[in-house]
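The chain contents come next:
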Amino acid sequence: MTAPGEEQPVTSGFIRSYVITNGRDLPDADGFSLVTLVTIAPDREPPARLSPELRSVWDLCSGGYLSVAEVAARLELPVGVVRLLLTDLADQGHLLRRAAPPPAQLVDRKILKEVLHGLQRRFG
Amino acid sequence: MDSNAASADSIYVPDAVQTAAKILVVGHFAVGKTTLIGTLSEIAPLRTEEKMTQAAAHVDDLRGAPDKKTTTVALDFGRLTLSDELVLYLFGTPGQQRFMQLWEDMARGALGALLLVDPSRLAETFPVIDLIEKYGLEFAIAVNSFDARSRYAEEELREALDLLPHTPVVYCDARDQHSSAQALITLIQHLLARAS
């Protein structure tokens, strides 16, 4: 017997994320913040059996550095799912990353000055 | 546009870039966050989604556990390559209190926040200021004044928003690049002053 509400449609987005991740929990943001820059290490061959989503991450990230947020947006995948896929690639040694400034660090005057000068150069 | 030439031919960040900095563009619904980001960004603004679990206000008696549900929040963002070694990302961050978990993630590592204010809807800015203060972000106010007639005098606005004397207030038009850039520059100058 079907209880009322049981047949409510589950959104396709949910199913898609669940299948892509094999139902694994999504990693937290520690390893890959939104602005961590990532790229596929040079001279790497893609593993023989990549899922379509890992393949799309591989193809996009082979061209140069992008932030985690950009990878997610350009592939139209939720950020959490992209973090998991990037973790898989990193675990296999395929990924290079340039980390954002560590969270606990006090805001660096040097970075602020660089931002200020960059903005003034660009828009001044 | 001249200033966009460096990245017009590529979606990628230049290879030499070592540091990616983040600034939050915050404010209530429809205040012009995405407009300002689009005005300044060298790439067409992108949208990504973060899933968050939020605890509902009530407890489900049948299961004896807090009723948690997952919501999806859309984040609009843009990018500015500011030197050979530095890119800046601008993240639009929605100001509703129910997005607190998102704020915790977004605030981590952010240089500061530019708070967009619509002078005709001042009350909607109060909860956003609460969030900014809760997460200890330094900020500047950019009054997005489409209409000069709705301008508050700065003193009135400071009083209404209960601002500290050192918090900068600038007027800007989020559709105008020069004006939006000036607002961002004011924020960075404030951050530098506060970091010394």
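Residues numbered from 1 in each chain as written. Chains lettered and ligands numbered in written order. Predicted model: local features only at pLDDT ≥ 70, side-chain atom pairs only at ≥ 80, totals over all residues.

### Notes on unusual backbone geometry
Residues and elements named next belong to chain A.
Argument step 1. In this structure, D43 is a non-glycine residue whose phi angle is positive, near 60 degrees.
Argument step 2. Mapped onto the elements of the fold, D43 is located in the loop between β1 (37-40) and α2 (52-61).
Argument step 3. You can call D43 exposed: it has 5 C-beta atoms within 10 Å.
Argument step 4. One non-glycine residue, E76, lies in positive phi territory at about 55 degrees.
Argument step 5. Its place among the elements puts E76 in the loop between α3 (68-75) and α4 (79-91).
Argument step 6. For E76, a count of 11 C-beta atoms within 10 Å gives the class exposed. (Helix = DSSP H or I, 4+ residues; strand = E, 2+ residues; numbered from the N terminus. Buried ≥ 20, exposed ≤ 12 C-beta atoms within 10 Å, placed from the backbone.)

### Side note on the packing of helix α5 (residues 109-123) of chain A against helix α5 (residues 177-195) of chain B
Argument step 1. It is at 10 Å that the axes of α5(A) and α5(B) come closest, and there the two elements cross at 160 degrees. For the element pair α5(A) / α5(B), the angle class is roughly antiparallel. Considering only the axes of α5(A) and α5(B), their crossing is left-handed. Listed contacts from α5(B) to A:R109, A:L112, A:K113, A:V115, A:L116, A:L119, A:Q120 and A:F123 of α5(A) are B:Q177, B:H178, B:A181, B:L184, B:I185, B:I188, B:Q189, B:L191, B:L192 and B:A195. (Axes fitted to C-alpha atoms, helices over the stretch in contact; angles between N-to-C directions. Parallel < 35°, antiparallel > 145°, perpendicular 65-115°, else oblique. Left-handed = near helix turned anticlockwise from the far one by under 90°. Contact = placed C-beta atoms within 7 Å.)

### A few points about the interface of chain B and chain A
Argument step 1. Of the residues lining the interface, 38 residues belong to chain B; the matching set on chain A comes to 34 residues.
Argument step 2. For the side of chain B that touches chain A, the secondary structure elements donating two or more residues are β1 (19-27), β2 (46-60), β3 (65-83), β4 (86-94) and α5 of chain B.
Argument step 3. Per-element accounting of the side of chain B that touches chain A gives the leading share, 10 residues, to α5(B).
Argument step 4. Per-class residue counts for the side of chain B that touches chain A are 20 nonpolar, 10 polar and 8 charged. (Nonpolar A, V, L, I, M, F, W, Y, C, P; charged D, E, K, R; others polar.)

### Comments concerning the environment of B:L82
Argument step 1. Checked against the element boundaries, B:L82 lands in strand β3.
Argument step 2. Here B:L82 falls in the buried class, since 22 other C-beta atoms lie within 10 Å of it.
Argument step 3. When the C-alpha atoms of B:L82 and B:S196 are compared, they prove to be 22 Å apart, with 114 residues separating the residues in sequence.
Argument step 4. Among residues more than four places away in sequence, those in contact with B:L82 are A:E114, A:V115, A:G118, A:L119, A:R122, B:V87 and B:L88.

### Description of α5(A)
Residues and elements named next belong to chain A.
Argument step 1. Given a rise of 1.5 Å per residue, 15 residues ought to cover 21 Å, and the 21 Å separating the end C-alpha atoms of α5 matches this to within 8%.
Argument step 2. The set of residues buried in α5 consists of L112, V115, G118 and L119. Take α5 and look down its axis: the buried residues cluster within an arc of 130 degrees, on one side only. In α5, those exposed residues whose orientation departs by more than 90 degrees from the buried face are R109, K110 and R121. (Expected span 1.5 Å × (residues − 1). Arc of directions from axis to C-beta.)

### Quick look at the environment of B:F139
Residues and elements named next belong to chain B.
Argument step 1. Within the element layout of this structure, F139 appears in strand β6 (residues 139-144).
Argument step 2. Given 22 C-beta atoms within 10 Å, F139 falls into the buried group.
Argument step 3. It is 13 Å that separates the C-alpha atoms of F139 and L161, two residues lying 22 residues apart in sequence.
Argument step 4. Excluding anything up to four places from it in sequence, F139 contacts G112, A113, L114, L115, I132 and T167.

### What to know about the environment of B:V25
All names here are of chain B.
Argument step 1. Mapped onto the secondary structure, V25 falls in strand β1.
Argument step 2. Between the C-alpha atom of V25 and that of P94, which follows or precedes it by 69 residues, the distance is 8.7 Å.
Argument step 3. The residues contacting V25, other than those within four sequence positions of it, are K33, L36, I37, L90, F91, G92, T93, L114 and L116.

### Here we look at the nonpolar core
One broad rule of soluble globular proteins: the nonpolar side chains tend to lie buried together.
Argument step 1. Ranked by internal contacts, the top residues of the largest apolar core, which has 76 residues, are A:V68, B:V25, B:L88, B:L114, B:L115 and B:A142.
Argument step 2. For this core, the leading source of residues is α4(A), giving 7 residues.
Argument step 3. In contact with B:L115, not counting residues within four places along its chain, are B:V26, B:G27, B:V128, B:I132, B:F139, B:I141 and B:A142. (Core = buried A, V, L, I, M, F, W, Y, C linked by C-beta atoms within 7 Å.)

### Topic: the confidence of the model for chain B
All names here are of chain B.
Argument step 1. Put simply, chain B has an average pLDDT of 85, and 82% of its residues get 70 or more.
Argument step 2. The element-level mean pLDDT for chain B is lowest in β2, coming to 64, with strand β5 (residues 112-117) highest at 97.
Argument step 3. Note that residues 1-8 has pLDDT below 50 and, in this model, 6 contacts with residues that lie over four places away or in other chains.
Argument step 4. Taken over the whole predicted complex, pTM reads 0.85, whereas the ipTM for its chain interfaces reads 0.85. (pLDDT = per-residue confidence, 0-100.)

### Comments concerning the packing of α3(A) against α4(A)
Residues and elements named next belong to chain A.
Argument step 1. Packing of α3 against α4 leaves a shortest axis separation of 9 Å and a crossing angle of 110 degrees. Of the possible angle classes, the one that applies to α3 and α4 is roughly perpendicular. The handedness of the crossing between α3 and α4 comes out as right-handed. Contacts from V68, A69, V71, A72 and L75 of α3 reach α4 at V79, V82, R83 and L86.
Argument step 2. Of the residues assigned to the contact of α3 with α4, the class counts are 8 nonpolar, no polar and 1 charged.

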